[in-house]
There are 2 protein chains.
Amino acid sequence: MTAVRPRVAIVGGGFAGLWAARALASAPVEIVLVDRGNHHLFQPLLYQVATAGLSAPDIAAPLRHILRKQKNVEVRMATVIGIDAGAKRIALDDGDTLEFDYLLLASGATHAYFGNDQWARHAPGLKTLDDALDLRRKLLLAFERAEAATDPAERAAWLSFAIVGGGPTGVELAGTLAEIARHTLKDEFRRIDPASARVRLVEAGPRVLAAFPEDLSAQAKRQLEKLGVEVSLGTPVKDITSDGYVLGDAFVPAKTVVWAAGVAASPLGAMLGVPLDRAGRVQVRPDLGVPGHPDIFVAGDLASLMQANGRPVPGVAPAAKQMGRYVAQVIRARLLGGASPPPFAYKDYGNLATIGRMAAVVDLGRLRFSGLLAWWFWLVMHVFFLIGFRNRLVVLLNWWWAYWSYQRAARIILGDDGREPSASE
Amino acid sequence: MTAVRPRVAIVGGGFAGLWAARALASAPVEIVLVDRGNHHLFQPLLYQVATAGLSAPDIAAPLRHILRKQKNVEVRMATVIGIDAGAKRIALDDGDTLEFDYLLLASGATHAYFGNDQWARHAPGLKTLDDALDLRRKLLLAFERAEAATDPAERAAWLSFAIVGGGPTGVELAGTLAEIARHTLKDEFRRIDPASARVRLVEAGPRVLAAFPEDLSAQAKRQLEKLGVEVSLGTPVKDITSDGYVLGDAFVPAKTVVWAAGVAASPLGAMLGVPLDRAGRVQVRPDLGVPGHPDIFVAGDLASLMQANGRPVPGVAPAAKQMGRYVAQVIRARLLGGASPPPFAYKDYGNLATIGRMAAVVDLGRLRFSGLLAWWFWLVMHVFFLIGFRNRLVVLLNWWWAYWSYQRAARIILGDDGREPSASE
C-alpha cells in the first residue's frame, strides 16, 4: 500500500493516550501523539514524590523513549491551543497546525476549587510532577519555619497541617505526612518536636474513600487515626487563607493546607463545542465517540460515560487504559472493515487505596481486606504496573530503604531557597 | 561544667562546613550550622543531574539528617545577610541575629561571568541543584525544539551545543552531552537525527583540564574527540547571545550555550571587611584565620591560601574537607589549651576527571593513567565518597543501567512546560 495512511492524532500521553497509541502499533495509520510534557507520568505514585519518598524521574518516563520502536508514532511536545472539530484540525502553540483523520482527546483532568480559585494560592493541589515538587518544598519548609519561629502561636501554626478532601489522594497524603512528622524527622530538630505536628484530614462528606464500601471507609479512618491523623467528616471548608482555614464557624490555624478535594476536566474538552457535564467532561457515546463527530473520541478522565449499572465509569488509571485500548479497536475496525466492537464496558478488577506505613484497603468485590496484607498487595500491584524495569527496581529499593529506616529518600528542598553552596547573597 | 559553652557558628553545609561540624562532635562547644538550603550536596556529581543521569535527591542529603545524632549541632536553614566581625554577630534573613565566639565562613563559590553578566541569561552555569535541573531542562528541550523546527537553519541551531570552559565541569558536560546525542536518543525522533548534533567545547587557554599534567590534557582531548566533541583551544568567547556565540571573528550559531568557564567566591567574603583576592576570596593566614579577627576562619572555595610549593590550594572537595577539619582542630586546641596545630598543609592525594562513557583521566602524582581503567577508578572513588548508603546504591544502580542500556534515568523535563496531564491550556 503506497497511499498515504490515515492520521490519528492523540492528545495526551497519560494512560488513555499512551495505551491507545500502543494498541495501534500494527494498524495501517500514522499516529501523532501530542503532549505538553515530555513524559508519561505514573500518577498513582505522585503523592510519594510530594512526600519526598520518590524522585520525580522514578515515576515518569520519556514518551519518546517508551515509543521509540513503534515506527508509526511521532511524538510532539507541544500545547494544544485550538481544535477545529469540523475541519479536523488542531492548532499547536509552536505555530504548527495538525490535520487528522481521527482524533483521540485524552488530556485528563486538573484540580479544581469549585469557584474558589483564590484558594489555589494557599492550598495547592497535586496533579503534575511540578505540583508534587512544589508541595514537597512546602511541606519540608513548614518544619524549617517552625524551628525558626520564636512566637509559640506561629510555631504551632507552622506545625499544623490540613489536607482538604478524603479521597485516595487526601488519605495517602495525610497518612504519609503523619509518618514523616512522627518518625522520619525524629531527632533532627532542636527547638521543636516534629511529632507534635497536627495533621488533619478534612472531608465534607460523611466518610473517607467514598468510592469504597462503607466498612473499608471505616477501616481506613481507623488506620489513619492510628497513624496520628485527626479526621474531620461531614463539614465542608468555608474559606482558606495563608494562615489557616474556616471549618463550620471555627478558624483553624494552619500554615500548610493541601487541596485534594476535587478535579475538573482538562479545558481542551470545551474546544470541541459539544455538551459537557458539570465537571467539564465530554459526554461521549457508548463507543467513546463525540456526538456529531464520529471520528473524534474522548477517553480517560476527560470522558463522561454511564455504565450499565447506572454508575459513571470512574476516573482511575485502569479505566483510562481500557478506554484507550477500546478507541484503538474502534479505529482499527473502521479502517480494516471488521465488525465494530460492542459498546465500551469498564471491567472493574477492584479498587485499592494506601493510607500510610503498612496500612491500605483493598476492595476486589467479594474479597475485601485492609491493614498490612492490603499494603503489601497495593505495593506489589503498583510496582508491577510502573513502566520500565529500572523504575521498578529504584522504587523498590527506595521503599525497602524507607521501610527499614523510616527515612524518605528525596527530602531535598528544590526551588529558590534550595540553593547550594549554602548561605549567600 | 555548667557554664555556657562557647558557640561556633558555621556558615555553609558544603564539604568544609560539614566536615568541620563533624570534627567538633566531641568538643565542648555549641555549634550552629547555617545554610540557605536544607541539604549537603555532593557537587562532584552535579553534572550527572544536569545531564539526566541522576535525580537531584541521589546526590544530596538533608543536613539535619546527617547531623541528627550529633547533639551539639543545631542546623538553621537561613540566608546570611550581614556579618559584624567586630561585634561577632551574624544577621539572618529570618530576622534573627546569631552571636558567636568562633565563626567558620565556608559559603563556597558561585559561577562568574567576569564582567559579562548579560551572558548569564543565555549561558547558564552549574553550581546548585536548581542550576542542574534548569540545565537539564534546557538540554532536553533543545532536541524537542529541533524536532519541531521547520526551517533548516533553525533546526541546525537547536542541534548546536557549546560548552564554554575546558575545566573538569566543561569536559564532563561535553562528553556526556555527546553520548546523549549519539546513543541515548537513538531512534526516538522522526524528523531529526540527534547524532547529527554538534557539541563544541570552547576553551580560551591552550589545553583542557589545565590543572592536570600536559600528557593527560592531551589524552582528555583525544578521548573527547573520540566521543564526538569538537574541541576549540586558544581562542576566548567574545560574546554570547540567545542564538549563538562569537569566537574570534566568527559567529557560531548555537541555541544552547553552557557556562563552565569561571567561578567567583561567595559574596559573603566581602562582608568581613578584609582584603580579598581577584576572585573575591578571603586571603587567610596559615591557620585559616582572617587577618585581624583571630576567631574567624574561612575554609573551602572561599579561602585563598598559598601552599609551600608556591601554588594555591585548589578549589576541590578534598581540600575543603581538609580545611574544615583543620579549623576544628584549631578551635579545639584553643578551647582545651593544647598546642596549636602546625600551619595548614594541603595533602594532595591526586586528581581525577571523568570525560564520558568509559573515559577519564587520573593523576596520582607518579602514577597517571586514562581511558577505561581511569573511568572505573573514578567511578569507585566517587560512589565511595557519596554520603549515605542508600544514595550509593541508587547511584550504582543508575549507572549500571546507563552503562548497559545507554539510557539516562532522569530524562524528565520539569518546570513550566513539563506539566502533566498533557496538552492543555
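Keep in mind it's a predicted model, so treat the numbers as computed, not measured.

This part covers the interface of chain A and chain B. Many authors give the size of an interface as the accessible area that is lost as the parts come together. With 82 residues of chain A at the interface, the matching set in chain B holds 83 residues. Roughly 7000 Å² of surface becomes buried between chain A and chain B when both sides are summed, with 55% attributable to carbon and sulfur atoms. Inspection of the region where chain A meets chain B yields 4 salt bridges. In this structure, the salt-bridge partner of Arg64(B) is Glu144(A), at a minimum N-O distance of 2.7 Å. For the pair chain A and chain B, the number of links is 20 residue pairs in polar contact (both at pLDDT 80 or more). Elements with a contribution of two residues or more to the side of chain A that touches chain B: strand S2 (30-35), strand S3 (39-41), strand S4 (60-62), helix H3 (63-66), strand S5 (73-77), helix H4 (129-148) and helix H10 (389-405) of chain A. Among the elements that take part in the side of chain A that touches chain B, H4(A) stands out by supplying 9 residues, more than any other.

This next bit is on the UniProt feature "domain: FAD/NAD(P)-binding" (unreviewed entry) in chain A. Under the present numbering, the feature "domain: FAD/NAD(P)-binding" (unreviewed entry) in UniProt falls on residues 7-324 of chain A. The span residues 7-324 of chain A shows a helical share of 26% and a strand share of 28%, and its end C-alpha atoms are spaced 16 Å apart.

Attention now moves to the relation of the copies chain A and chain B. Structural alignment of chain A on chain B gives an RMSD of 0.0 Å, achieved by rotating through 180° and translating 0.0 Å along the axis. In short, the pair behaves as if placed about a two-fold rotation axis. The overlap is high: 100% of the interface residues of chain A also sit at the interface in chain B, so the same surface is used on both sides.

Residue and element names in this part refer to chain A. Taking 1.5 Å per residue as the helical rise, helix H9 (residues 372-385) with its 14 residues ought to reach 20 Å, and the 20 Å between its terminal C-alpha atoms agrees with that figure. Restricting attention to buried positions, one finds in H9 the residues Ala374, Trp375, Trp378, Leu379, His382 and Val383. With its buried residues spanning 155° around the axis, H9 presents them on a single face. Turned more than 90 degrees off the buried face of H9, the exposed positions are Leu373 and Phe384.

To continue, consider the environment of Asp239(A). Residue and element names in this part refer to chain A. Looking at the element boundaries, Asp239 is found in strand S14 (residues 237-240). Considered as a pair, Asp239 and Ala162 are 77 residues apart in the sequence and their alpha carbons are 13 Å apart. For Asp239, the side chain forms a polar contact with the side chain of Trp119, separated by 3.1 Å.

This next bit is on the packing of helix H1 (residues 15-23) of chain A against helix H8 (residues 317-336) of chain A. Residue and element names in this part refer to chain A. In the contact formed by H1 and H8, the axes pass within 7 Å of each other and the chain directions differ by 35°. Two packed elements cross with a definite hand, and for H1 against H8 that hand is right-handed. Residue-level inspection shows Phe15, Ala16, Trp19, Ala20 and Ala23 of H1 in contact with H8, the latter providing Ala317, Ala320, Lys321, Gly324, Arg325, Ala328 and Arg332. When the residues that make up the contact of H1 with H8 are grouped by side-chain class, the tally is 8 nonpolar, 1 polar and 3 charged.

A separate point is a nonpolar patch on the surface. On the surface, Leu393(A), Trp400(B) and Trp404(B) cluster together into a nonpolar patch covering about 360 Å² of accessible area. Assignment of secondary structure puts Leu393(A) in helix H10.

For the rest of this paragraph, the subject is the sheet that holds strand S1 (residues 7-11) of chain A. As summarised here, the arrangement of the 6 strands in space is S5-S2-S1-S9-S21-S20 (chain A), forming an open sheet in which the pairing is mixed. The open sheet has two free edges, formed respectively by S5 and strand S20 (289-290) of chain A, since each of these has just one partner strand.

Okay, the domain arrangement of chain A next. All names here are of chain A. Per the domain assignment, the segments making up chain A are domain 1 (7-36 + 78-111 + 263-336) and domain 2 (117-261 + 350-416). For domain 1 versus domain 2, the distance between C-alpha centres works out to 32 Å. Contact residues are listed per partner, giving 9 residues for domain 1 and 7 residues for domain 2. Between domain 1 and domain 2 lies a buried interface of about 590 Å² when both sides are counted; carbon and sulfur atoms form 59% of it. By the criterion of area lost to domain 2, the three top residues of domain 1 are His111, Val263 and Lys321, representing 57% of everything that side buries.

Here the focus is the packing of aromatic side chains. For the structure on display, the rule yields 22 aromatic pairs over all chains. Considering the side-chain rings of Phe143(A) and Phe189(A), the 6.4 Å spacing of their centres and the 40° angle between planes classify their relative orientation as tilted. Within this pair, whereas Phe143(A) is found in helix H4, its partner Phe189(A) is found in the loop between helix H6 (168-184) and strand S12 (198-203), the two being separated by 46 residues in sequence. Take Phe143(A) and Phe189(A): they sit in the same class, and that class is buried. Taken together, a centroid distance of 6.0 Å and an interplanar angle of 80° make the contact between Phe15(B) and Phe42(B) edge-to-face. In this pair, Phe15(B) is assigned in helix H1 (residues 15-23) and Phe42(B) in the loop between strand S3 (39-41) and helix H2 (46-50), connecting sequence segments 27 residues apart. Against the face of Trp19(A) rests Arg22(A), its NZ or CZ located 4.9 Å from the ring centre.

Calculation rules
- Residues numbered from 1 in each chain as written.
- Chains lettered and ligands numbered in written order.
- Predicted model: local features only at pLDDT ≥ 70, side-chain atom pairs only at ≥ 80, totals over all residues.
- Heavy atoms only, no water.
- Contact = heavy atoms within 4.5 Å.
- Buried area = accessible area lost by both parts, 1.4 Å probe.
- Salt bridge = Lys/Arg side-chain N within 4 Å of Asp/Glu carboxyl O.
- Polar contact = N/O pair within 3.5 Å; in protein donor to acceptor, adjacent residues only side chain to side chain.
- Helix = DSSP H or I, 4+ residues; strand = E, 2+ residues; numbered from the N terminus.
- UniProt positions renumbered as here; feature names shortened; annotations may be inferred.
- Least-squares fit on C-alpha atoms with pLDDT ≥ 70 in both.
- Expected span 1.5 Å × (residues − 1).
- Buried < 20%, exposed > 50% of the residue type's maximum accessible area, 1.4 Å probe, protein only.
- Arc of directions from axis to C-beta.
- Axes fitted to C-alpha atoms, helices over the stretch in contact; angles between N-to-C directions.
- Left-handed = near helix turned anticlockwise from the far one by under 90°.
- Nonpolar A, V, L, I, M, F, W, Y, C, P; charged D, E, K, R; others polar.
- Patch = residues over 30% accessible without salt bridge, like charges linked within 9 Å, V, L, I, M, F, W, Y side chains within 5 Å.
- Areas by Shrake-Rupley, 256 points an atom, 1.4 Å probe, with all protein chains shown as cover.
- Pairing = 2+ DSSP bridges.
- Domains from an automatic or database assignment.
- Phe/Tyr/Trp six-rings, centres within 6.5 Å; stacked < 30°, edge-to-face > 60°.
- Lys NZ or Arg CZ within 6 Å of the ring centre and 35° of its normal.

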